[in-house]
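Observations on chain architecture
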Amino acid sequence: MKNLSQAGGLAALYLAAAYLAAMPFFLLVVKVQSLVDPLQKAATLVANQGSMYAMEFVVYVLFGIFLVVLAVALKERLGPGAEALMDVATPIAIIWAGLLIASGMIFNVGIAPVVALYGKDQAQAASLWSAIDAVSSGLSGNGEIIGGTWMLLVSLAAQKTRGLPKALNILGLTIATVALISIIPALKDLAIVFGLGQIAWFIWLGIVMLREKRQQA
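First, a word on what this report is: a plain description of the structure on this page. (Residues numbered from 1 in each chain as written. Predicted model: local features only at pLDDT ≥ 70, side-chain atom pairs only at ≥ 80, totals over all residues. Heavy atoms only, no water.)

**Comments concerning the overall build of the protein chain**
Each helix and strand in the protein chain was counted, giving 8 helices and 0 strands. Its C-alpha radius of gyration of 19 Å places the protein chain within 12% of the 17 Å reference for a compact globule of 217 residues. For the protein chain, with 217 residues in total, the buried portion stands at 42%. For the protein chain, long-range pairs separated by at least 24 residues make up 79% of all intrachain contacts whose partners lie at least 6 apart in sequence. In the form shown here, the protein chain has an accessible surface area of approximately 10500 Å², with 68% of it arising from carbon and sulfur atoms. With 13 positive and 10 negative side-chain charges, the protein chain shows a spacing of 12 Å between the two charge centroids. (Helix = DSSP H or I, 4+ residues; strand = E, 2+ residues; numbered from the N terminus. Rg over C-alpha atoms; globule rule 2.2 N^0.38 Å. Buried < 20%, exposed > 50% of the residue type's maximum accessible area, 1.4 Å probe, protein only. Contact = heavy atoms within 4.5 Å. Areas by Shrake-Rupley, 256 points an atom, 1.4 Å probe, with all protein chains shown as cover. Lys, Arg positive; Asp, Glu negative; His and termini not counted. Charge placed at Lys NZ, Arg CZ, Asp CG, Glu CD.)

**Things to note about the pattern of salt bridges**
Applying the stated criterion across every chain, the model contains 1 salt bridge. Salt-bridge contacts for lysine 75 lead to aspartate 87; the nearest nitrogen and oxygen are separated by 2.6 Å. Residue lysine 75 is found in helix H3 (residues 49-78), and its partner aspartate 87 is found in helix H4 (residues 83-118); the two are separated by 12 residues along the sequence. For lysine 75, a relative accessible area of 32% corresponds to the partly exposed category. (Salt bridge = Lys/Arg side-chain N within 4 Å of Asp/Glu carboxyl O.)

**Points about H4**
Compared with an ideal rise of 1.5 Å per residue, which puts 36 residues at 52 Å, H4 spans 52 Å between its outermost C-alpha atoms and is within 8% of the ideal. Along H4, the helix axis deviates most sharply at isoleucine 111, where the bend reaches about 30°; the proline proline 113 sits within four residues downstream. (Expected span 1.5 Å × (residues − 1). Bend = angle between axes of the 7 residues up to and from the residue.)

**Some remarks on the side chain of serine 182**
Mapped onto the secondary structure, serine 182 falls in the loop between helix H7 (166-181) and helix H8 (190-216). Looking at serine 182, the relative accessible area reads 6%, which means it is buried. Among the polar contacts made by the side chain of serine 182, one reaches the main-chain carbonyl oxygen of alanine 179 at a distance of 2.5 Å. Discounting residues that sit within four places of it in the chain, serine 182 has contacts with Glu144, Leu187, Lys188, Leu190 and Ala191. (Polar contact = N/O pair within 3.5 Å; in protein donor to acceptor, adjacent residues only side chain to side chain.)

**Examining the layout of surface pockets**
The method is simple in principle: a probe with the dimensions of a water molecule rolls over the atoms, and the space it marks as empty is what remains. For the largest pocket, the calculated volume is near 1400 Å³. Phe26, Val32, Tyr60, Ser140 and Glu144 are the residues nearest the centre of the largest pocket, which is lined by 38 residues in total. Listing elements by their share of the lining of the largest pocket, those giving two or more residues are helix H1 (2-29), helix H2 (38-47), H3, H4, helix H5 (122-140), helix H6 (143-161) and H8. Here the residues of the lining of the largest pocket are counted per class, giving 22 nonpolar, 11 polar and 5 charged. (1 Å grid on protein atoms, 1.4 Å probe; cavity = no way out; pocket = protein on both sides within 12 Å on 5 of 7 lines; lining within 4 Å. Points joined across faces, edges and corners; volume = space filled by probe spheres on them. Nonpolar A, V, L, I, M, F, W, Y, C, P; charged D, E, K, R; others polar.)

Structure (structure tokens):
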């Protein structure tokens, strides 16, 4: 129990760090929000293939693995007294993790053939990358729905069992609600609030779980 709590705390801090690394990279370095033309997307991939490969591995593949660790640690912590909620929440987190891992692996596996083809036929390379990127994005897309649902169930379980600080539970419930509301097309920009809110939630959650470990020691 103690070691699992510590592992969960470290996992939560990793998830926050992954978010903090991803946001400036994708928004400021490769500027994905401004890439519309398929040829431009392919050219950006070729120019940043190494860093994009590494970032996808960190933000999707490893993120998914650490998410499973955190989900299992939270089930151990909150399950007694909120079995039904955590029995639903944990599989949802594992499904979310699987989608993220698959998304990152498809993205990274697709880089090499696109780069090789780009030197011969840029149009075909752009077409191939559009297909790969569509599959990868489809797997990781709508994370607000599944991630928000998981956070909502965890926060409700923590509120019921008092397994986490009340203020942290309120934050989790608020962020989860924002995430679920963001599926409305007119409110889709709230997804940014969900991402930023999750960073704060993961950091706070990690500190709580690690601090408990030190107090027990």
